[in-house]
Each structure stands twice: as structure tokens, then as C-alpha cells.
Amino acid sequence: MRKKIVAGNWKMNLQLDEAKQLLQEIKALGKNVSDVNLIINPPALYISLFKELLENSVIALGAQNCSEHESGAYTGEIAAQMIKSCGANYVIVGHSERRSYYHETNAIIAEKINRALAANLSPIFCCGELLSEREENNHFKVVEQQLKEGLFHLNEKDIKNVVIAYEPVWAIGTGVTATAEQAQEMHAFIRKVLKDFYTEATAQNCSILYGGSCNASNAKELFSNPDIDGGLIGGASLKAADFLTIAQSF
Ligand code: PGA
């Protein structure tokens, strides 16, 4: 059975006091959640402190990005090894906001994936099409290309440590969710591409999350689909009760 995962992507929100409070609320409510891996991806500055605050909790930590370089003169950047050394086990790579605002190409994303794995972090690899690409019926092609150029350089052993998040760009932060049918169709497609490139077992074991305006009201319908293994949650992860309702929506 593959892992069910609900990951919160806090993006560039919350000052330290607010962040600590939200963490404590999630930690308290999270005690009621079983069989689901909960991951919080706060701003990287908070990871080290959060690691201490989460002592004795099953909630895992991740960063929202890492550098494509190992170390050195890259002012302002954060290395995968640093993220690991502060207590995180995951890192989001290739989020559409990084692709569009910070010009991350599939080639840069492939390097970030390598750095993450070398640091023993599990990458949460994001893929997804623009609205125009879906309207032109190119969404499958675009996602397949993102997978092939950003991820499929990995061998069979390394790909097992990757979580995939399908996040249609038109659904992120817009309040417009992909329908459960649209999401399931793409998740099944991603699993088929995984199977064709790797093996049936690899495809079956890979957790594929949906992201894009997933919330406490629509999570159940989305997660009831056979190829949707959880969610990468932005806005709704900033409210403890909503985040935990989503985690109990399987
Ligand atoms: P959203 O963001 O849930 O606010 O749409 C999801 C994401 O960007 O990961």
C-alpha cells in the first residue's frame, strides 16, 4: 500500500509568533490523525525551531525549495544538506511559483532533485499545466515532459524516494479546483507514464498528491479516487482545523 500524504505548503506566510501558534494547533489536532503522513513545509527559517517543537510528534517537516548547488558562493540560497541538518526530511521541488517567478527550468529542477536525494531528503516534485495548455489539449504532453526532463533521469532506486504532486497552475490559489475526474485522469496518466518508464511496482508505490485549491470541502471527493494519494495544500494549510479536516478526508 502506498503512503497517504497531506502536506501543507505555507509559502511566504506567517511571522514567527503566528507560525509557532499554528504549528502548536496542528500538533494538538494531529494526534487524532492516523494512517496519514502529515508534512508541514514552513518558511525554511523556521525548520530548526519547529523540529524542537515537534518532539514526540509524527508530523514531518519539509522545505519549500532548495538550491541546485551543493554549497558555496550563492548568496541567499539554501542547500539541501542544510535543510536536512535542520531536521527536515522533505523538500518541495519545481513548484509552479518557482517555475514562473524564478524561471526554474526542467533542467534546474532536475539538479535540485539530485541535491535533495544526495542530502537524503525526499523531494515532493511538482508538475502541472497552465490553463492555456489545458485549453489547447496539451496538458498530458506538458506534464509528461516535466516528468521526463525533471525526474526521469533518476534510477529505479532513487525514484522510490520521490513524491509527485500534480498541481494544475490554473487551480493554485484561485479557488478553482480541478474536478475529481480531471484530477483522477491526470493522476492515472502520471502513474502510467511511471509504469512505462520504470516498472509497475514503482508506479504502484509512488504517492501522487493533488494540489490546487484543495480544501476541507472538496478533499473527500478528490481523495476518494484510486490514484489520488493525498494533497499538497496551500491556503487551507494555514488554518489548523481545515488542514486536519483535509487529513481526515480519506
Ligand atoms: P493552494 O496552493 O492550495 O493555495 O491552491 C497549493 C500549492 O501551491 O501547493
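Basis of the calculations
- Residues numbered from 1 in each chain as written.
- Predicted model: local features only at pLDDT ≥ 70, side-chain atom pairs only at ≥ 80, totals over all residues.
- Heavy atoms only, no water.
- 1 Å grid on protein atoms, 1.4 Å probe; cavity = no way out; pocket = protein on both sides within 12 Å on 5 of 7 lines; lining within 4 Å.
- Points joined across faces, edges and corners; volume = space filled by probe spheres on them.
- Helix = DSSP H or I, 4+ residues; strand = E, 2+ residues; numbered from the N terminus.
- Nonpolar A, V, L, I, M, F, W, Y, C, P; charged D, E, K, R; others polar.
- Salt bridge = Lys/Arg side-chain N within 4 Å of Asp/Glu carboxyl O.
- Buried < 20%, exposed > 50% of the residue type's maximum accessible area, 1.4 Å probe, protein only.
- Near = heavy atom within 4 Å.
- Polar contact = N/O pair within 3.5 Å; in protein donor to acceptor, adjacent residues only side chain to side chain.
- Areas by Shrake-Rupley, 256 points an atom, 1.4 Å probe, with all protein chains shown as cover.
- Phe/Tyr/Trp six-rings, centres within 6.5 Å; stacked < 30°, edge-to-face > 60°.
- Pairing = 2+ DSSP bridges.
- Axes fitted to C-alpha atoms, helices over the stretch in contact; angles between N-to-C directions.
- Expected span 1.5 Å × (residues − 1).

Focus: the layout of surface pockets
- Volume-wise, the largest pocket comes out at about 650 Å³.
- Lining of the largest pocket is provided by 20 residues; of these, K11, M12, Q64, N65 and R98 occupy positions nearest its centre.
- Among the elements that line the lining of the largest pocket, the one with the most residues is helix α4 (residues 96-101), at 3 residues.
- Here the residues of the lining of the largest pocket sort into 10 nonpolar, 6 polar and 4 charged.

Re the pattern of salt bridges
- Applying the stated criterion across every chain, the model contains 13 salt bridges.
- The salt bridge involving K112 is made with E104; its shortest N-O contact spans 2.7 Å. Side by side, K112 and E104 carry an identical accessibility label, which is buried.
- Notably, a salt bridge pairs E129 with R134, separated by 2.7 Å at the nearest N-O pair.

Here's the deal with the site of the ligand
- Taken together, the neighbourhood of the ligand is formed by 13 residues, with K11, H95, E167, G173 and S213 sitting nearest.
- One nitrogen or oxygen atom from the side chain of K11 is found 2.7 Å from an oxygen atom belonging to the ligand.
- The contact in question runs from an oxygen atom of the ligand to an N or O atom on the backbone of G173, over 2.7 Å.
- Contact with the protein chains covers 95% of the free accessible surface of the ligand, which is 280 Å².
- Of the residues that constitute the shell around the ligand, the class distribution is 4 nonpolar, 7 polar and 2 charged.

Digging into the packing of aromatic side chains
- Taken as a whole, this structure holds 8 aromatic pairs when the rule is applied.
- Taken together, a centroid distance of 5.7 Å and an interplanar angle of 75° make the contact between W10 and F50 edge-to-face. Of the two residues, W10 sits in the loop between β1 (5-9) and α1 (16-30) while F50 sits in helix α2 (residues 47-53), which places them 40 residues apart along the sequence. When sorted by exposure, W10 lands in the same class as F50, which is buried.

Structural notes on the sheet that holds β1
- The parallel closed barrel is built from 8 strands, whose spatial order is β1-β2-β3-β4-β5-β6-β7-β8. Neighbour-to-neighbour, the strand axes of this sheet turn through a mean angle of 25°, independent of strand direction.
- Pairing analysis gives 2 bridges linking strand β7 (residues 208-211) to strand β8 (residues 230-233), with the strands arranged parallel. The residue bridging G211 from the neighbouring strand is L232, located in β8.

Things to note about the pairing of β8
- The side-chain alternation of β8 yields two buried faces, one formed by G230 and L232 and the other by G231 and I233.
- Across 4 bridges, β1 lies against β8 in parallel orientation. By the bridge assignment, V6 is partnered in β8 with G231.

Here we look at helix α9 (residues 180-197)
- An ideal rise of 1.5 Å per residue puts 26 Å on 18 residues; α9 measures up with 26 Å between its terminal C-alpha atoms.
- Those residues of α9 not exposed but buried are A180, A183, Q184, M186, H187, F189, I190, R191, V193 and L194.

Here we look at the environment of G173
- Here G173 shows up in the loop between β6 (163-166) and α9.
- The exposed category is assigned to G173, whose relative accessible area is 74%.
- When the C-alpha atoms of G173 and G234 are compared, they prove to be 7.3 Å apart, with 61 residues separating the residues in sequence.

From the geometry alone we can't say anything about function, so treat these as descriptive.
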